Amino acid sequence: MSRPLPMLAATLGLALLWLPPSAVSDRANAETACCTGRFALSAAPRQGALIRGRVPAGTTRLTLDGAPVAIAADGQFILGFGRDFGPAATLSAYGPDGQAVTETLSVAPTRWRVEALSTVRRIPVPSAEFEARRAGELAAIAAARKARPGAEGWRQAFAWPARGRISGAFGSQRIYAGEPGAPHNGVDVAAPAGAPVTAPADGVVILAAPAPFTLEGLLILVDHGMGLESAFLHLSRIDVRTGDRVRQGQAIGAVGATGRASGPHLHWGLRWNDVRIDPQQVAGPMR
């Protein structure tokens, strides 16, 4: 049950508007950021986006549409919105007495590129050898993602891990003779084989594939903390090991065309918990 705002503020001590480090800190400009009334967020929620915020003082638990959201010791949190997230989300902060501060957030749509190929059929995935290998690869990825090494890179403004032409956008999709293909779950950066791949933010390597996977090729997974994780696919070389702590800008590998790739490029994927989000919206324009 929601309480009147003055009572909620007195009970939980509603936090001031939080802005990322790159934003200005004066009050007048802060008021131009998205503020829903009871919660303060760094930006308006949008399909594919990652946004940041701070819980009201005294909050012991936070949920988004009923699912738990991690809260840092200083009260900060992050939220990710998938490609097909609906038009609204419910954000709830619970105090020590179990009472909730609840707000319905509007989630803006993003126009994803959808291409219809009426005369082209989907290429079937080879089943025998592929399926035999794939089960073990997926198990290794799932096991790695259970790690929670306490990284703090989620607090940083993310940088691009490679430089080059964007050859594949997150969320794009092809319809093959009426049959929808899977939406692209990362961003592709076309670059020469051997070009450096760097960490977009601080983190811990939770998987450095010892051999190429069937789809991903040479693969690195980096945990940035708070459920935020980067995946780097199709590498020609891996320069880190599982368990290594990496700093933003540190070289971790090199661009390649291993796995299922038509040419040298880096596929960079970002996940928040089980939600795939758009790296371009997180890193911003490539400069």
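Mapped onto the elements, His-184 comes out in the loop between strand 10 (179–180) and strand 11 (187–190). Within polar-contact distance, the side chain of His-184 engages the side chain of Asp-188 at 3.3 Å. Only 3.4 Å separates the side chain of His-184 from the side chain of His-267, close enough to count as a polar contact. Once residues within four sequence positions are removed from consideration, His-184 is found in contact with Gly-168, Ala-169, Phe-170, Gly-171, Ser-172 and His-267.

A separate point is helix 3 (residues 128–144). Taking 1.5 Å per residue, 17 residues should reach 24 Å; helix 3 reaches 25 Å between its end C-alpha atoms and fits that length. Those residues of helix 3 that fall on the buried side of the exposure criterion are Phe-130, Arg-134, Glu-137, Ile-141 and Ala-144. Tucked into the core, helix 3 has its buried residues touching strand 13 (203–208) and strand 14 (218–225).

If you trace the three strands from one edge of the open sheet to the other, you get 12-18-16, paired in antiparallel fashion. Of all strands in the sheet, those with a lone pairing partner are strand 12 (196–198) and strand 16 (237–238), marking the two edges. Relative to strand 18 (residues 251–254), strand 16 is paired through two bridges, and the arrangement is antiparallel. Considered in strand 18, the bridge of Ile-238 is made with Gly-253.

Here we take up the pairing of strand 11. For strand 8 (residues 165–168) and strand 11, the ladder comprises three bridges, and the chain directions are antiparallel. Directly across from Ile-166, in strand 11, lies its bridge partner Val-189.

Here the focus is the sheet that holds strand 7 (residues 114–117). Read from one edge to the other, the open sheet built from three strands follows the order 7-9-10, with strand pairing classed as mixed. Both outer strands of the open sheet, strand 7 and strand 10, are each paired with one neighbouring strand and no more. Bridging between strand 7 and strand 9 (residues 173–176) involves four bridges; their strand directions are parallel. In the strand pairing of strand 9, Val-114 is matched with Gln-173.

Conventions adopted
Residues numbered from 1 in each chain as written. Predicted model: local features only at pLDDT ≥ 70, side-chain atom pairs only at ≥ 80, totals over all residues. Heavy atoms only, no water. Helix = DSSP H or I, 4+ residues; strand = E, 2+ residues; numbered from the N terminus. Polar contact = N/O pair within 3.5 Å; in protein donor to acceptor, adjacent residues only side chain to side chain. Contact = heavy atoms within 4.5 Å. Expected span 1.5 Å × (residues − 1). Buried < 20%, exposed > 50% of the residue type's maximum accessible area, 1.4 Å probe, protein only. Pairing = 2+ DSSP bridges.

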